Amino acid sequence: TALWLGSVALVGLVSLLQLRSLKAFYMQQAGQPGGTYTEGIIGSISTINPILADSGANSDATRLVFSGLTRYNHKGDLEGDLAKAWTISPDGRTYTFALRSGVTWQDNQPFSSSDVAFTINRIQNPDTRSPMASAWQGVGVTAPDPATVVMTLPVRYDAFLNSTTVGILPRTNTAGLDIDR
């Protein structure tokens, strides 16, 4: 039995060493710049408007096109996307977001805090019928300057940052017309 146990231990040790040596080979990053990205989605896509996304397929499609203030990274941790940083007041009701600079829309118009305020106001507007309206009910949004957004919650809600992953829409359309009316 000692010979058998020794053989099992030796095979186990050799297998472990082999796995450790091959780990670096198989775990290398393989992505290259450029190319084509393809994503499969189960279900049909009826909209790519992030404030109207009402299914998993629609949400997945909007995340490919629109960025939120925050996003989840590959580890599942929340990180800044259009926001480079944020602070939360001691009472947990006021969130102040500092926006990334140099971000532009596809028509080269600058991204600003008014785009964020516009998006949240559209979500809250009952005429929009956004499926995420309840998550934003009572949240006040102000844009004190182009690089800052302040959101005030009616009550403390520790999971609020999850809502800030919603895609942000431009306040103006590609012709430069104000669509906030």
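Quick note: structure is the one above.
Quick caveat, the model's predicted, so the values are computed rather than measured.

1. Quick word on the overall build of the protein
For step 1, the next point in the chain: Broken down by element type, the protein carries three helices and six strands.
For step 2, the next point in the chain: Counting helices and strands in the order they occur from the N terminus, the protein gives α-α-β-β-β-β-α-β-β.
For step 3, the next point in the chain: Computed over the C-alpha atoms, the radius of gyration of the protein is 23 Å, more than 25% above the 16 Å expected from 2.2 N^0.38 for a compact globule of 181 residues.
For step 4, the next point in the chain: By the burial criterion, 29% of the 181 residues in the protein qualify as buried.
For step 5, the next point in the chain: Within the protein, counting contacts between residues at least 6 apart in sequence, those at least 24 apart form 53% of the total.
For step 6, the next point in the chain: Of the roughly 12000 Å² that the protein leaves accessible, carbon and sulfur atoms contribute 56%.

2. Concerning the pattern of salt bridges
Proximity of charged atoms lets side chains of opposite charge pair with each other.
For step 1, the next point in the chain: Scanning all chains against the criterion turns up four salt bridges.
For step 2, the next point in the chain: Among the ionic pairs, Arg-71 bridges to Asp-81, the shortest N-O distance being 3.1 Å. Of the two residues, Arg-71 is situated in strand β1 (residues 70-72) and Asp-81 in the loop between β2 (78-80) and β3 (83-88); the sequence distance between them amounts to 10 residues.
For step 3, the next point in the chain: Residue classification places Asp-81 among the buried residues on the basis of a relative accessible area of 8%.
For step 4, the next point in the chain: A salt bridge links Asp-158 to Arg-156; its shortest N-O distance comes to 2.9 Å.
For step 5, the next point in the chain: You can call Asp-158 exposed: its relative accessible area is 61%.
For step 6, the next point in the chain: If you follow the salt bridges from partner to partner, you end up with Arg-71, Glu-79, Asp-81 and Arg-100 in one network.

3. Some remarks on the sheet that holds strand β6 (residues 148-152)
For step 1, the next point in the chain: The four strands lie next to each other as β3-β4-β6-β5, forming an open sheet whose pairing is antiparallel. Both edges of this open sheet fall to β3 and β5 (140-145), since each of them pairs with a single strand only. Adjacent strand axes in the sheet meet at a mean angle of 20° when their direction is disregarded.
For step 2, the next point in the chain: Pairing of β3 with strand β4 (residues 94-99), which is carried by five bridges, proceeds in the antiparallel orientation. Each residue of the ladder has a partner; that of Trp-86, found in β4, is Phe-97.

4. Considerations on the packing of aromatic side chains
For step 1, the next point in the chain: A full pass over the atoms with the stated rule returns four aromatic pairs.
For step 2, the next point in the chain: Considering the side-chain rings of Trp-86 and Phe-97, the 6.2 Å spacing of their centres and the 45° angle between planes classify their relative orientation as tilted. Of this pair, Trp-86 sits in strand β3 while Phe-97 sits in strand β4, and the two are 11 residues apart along the sequence.
For step 3, the next point in the chain: Of the residues examined, Trp-86 reaches a relative accessible area of 25% and is grouped as partly exposed.
For step 4, the next point in the chain: Through a chain of ring-to-ring contacts, three or more aromatic side chains come together here, namely Tyr-95, Trp-136 and Phe-160.

5. Observations concerning the nonpolar core
For step 1, the next point in the chain: Counting 28 residues, the largest nonpolar core has Leu-69, Phe-97, Phe-111, Val-116, Trp-136 and Met-151 as its most contacted members.
For step 2, the next point in the chain: Elements represented by at least two residues in this core include exactly β4, α3 (113-124) and β6.
For step 3, the next point in the chain: For this core, the leading source of residues is α3, giving five residues.
For step 4, the next point in the chain: Apart from the residues within four sequence positions on either side, Met-151 is in contact with Leu-69, Arg-93, Thr-94, Tyr-95, Phe-97, Val-116, Ile-120, Trp-136, Val-139, Gly-140, Val-141 and Phe-160.

6. So, the pairing of β6
For step 1, the next point in the chain: The buried fraction of β6 is high, at four of five residues.
For step 2, the next point in the chain: With five bridges joining them, β4 and β6 adopt antiparallel strand pairing. Looking across to β6, one finds that Tyr-95 is bridged to Met-151.
For step 3, the next point in the chain: In this sheet, β6 lies alongside β5 in antiparallel orientation, the contact comprising four bridges. Within β6, the position partnered with Asp-145 by the bridge is Thr-148.
For step 4, the next point in the chain: Counting the residues that bridge the hairpin from β5 to β6 gives two residues.

Calculation rules
Residues numbered from 1 in each chain as written. Predicted model: local features only at pLDDT ≥ 70, side-chain atom pairs only at ≥ 80, totals over all residues. Heavy atoms only, no water. Helix = DSSP H or I, 4+ residues; strand = E, 2+ residues; numbered from the N terminus. Rg over C-alpha atoms; globule rule 2.2 N^0.38 Å. Buried < 20%, exposed > 50% of the residue type's maximum accessible area, 1.4 Å probe, protein only. Contact = heavy atoms within 4.5 Å. Areas by Shrake-Rupley, 256 points an atom, 1.4 Å probe, with all protein chains shown as cover. Salt bridge = Lys/Arg side-chain N within 4 Å of Asp/Glu carboxyl O. Pairing = 2+ DSSP bridges. Axes fitted to C-alpha atoms, helices over the stretch in contact; angles between N-to-C directions. Phe/Tyr/Trp six-rings, centres within 6.5 Å; stacked < 30°, edge-to-face > 60°. Core = buried A, V, L, I, M, F, W, Y, C linked by side-chain atoms within 4.5 Å.

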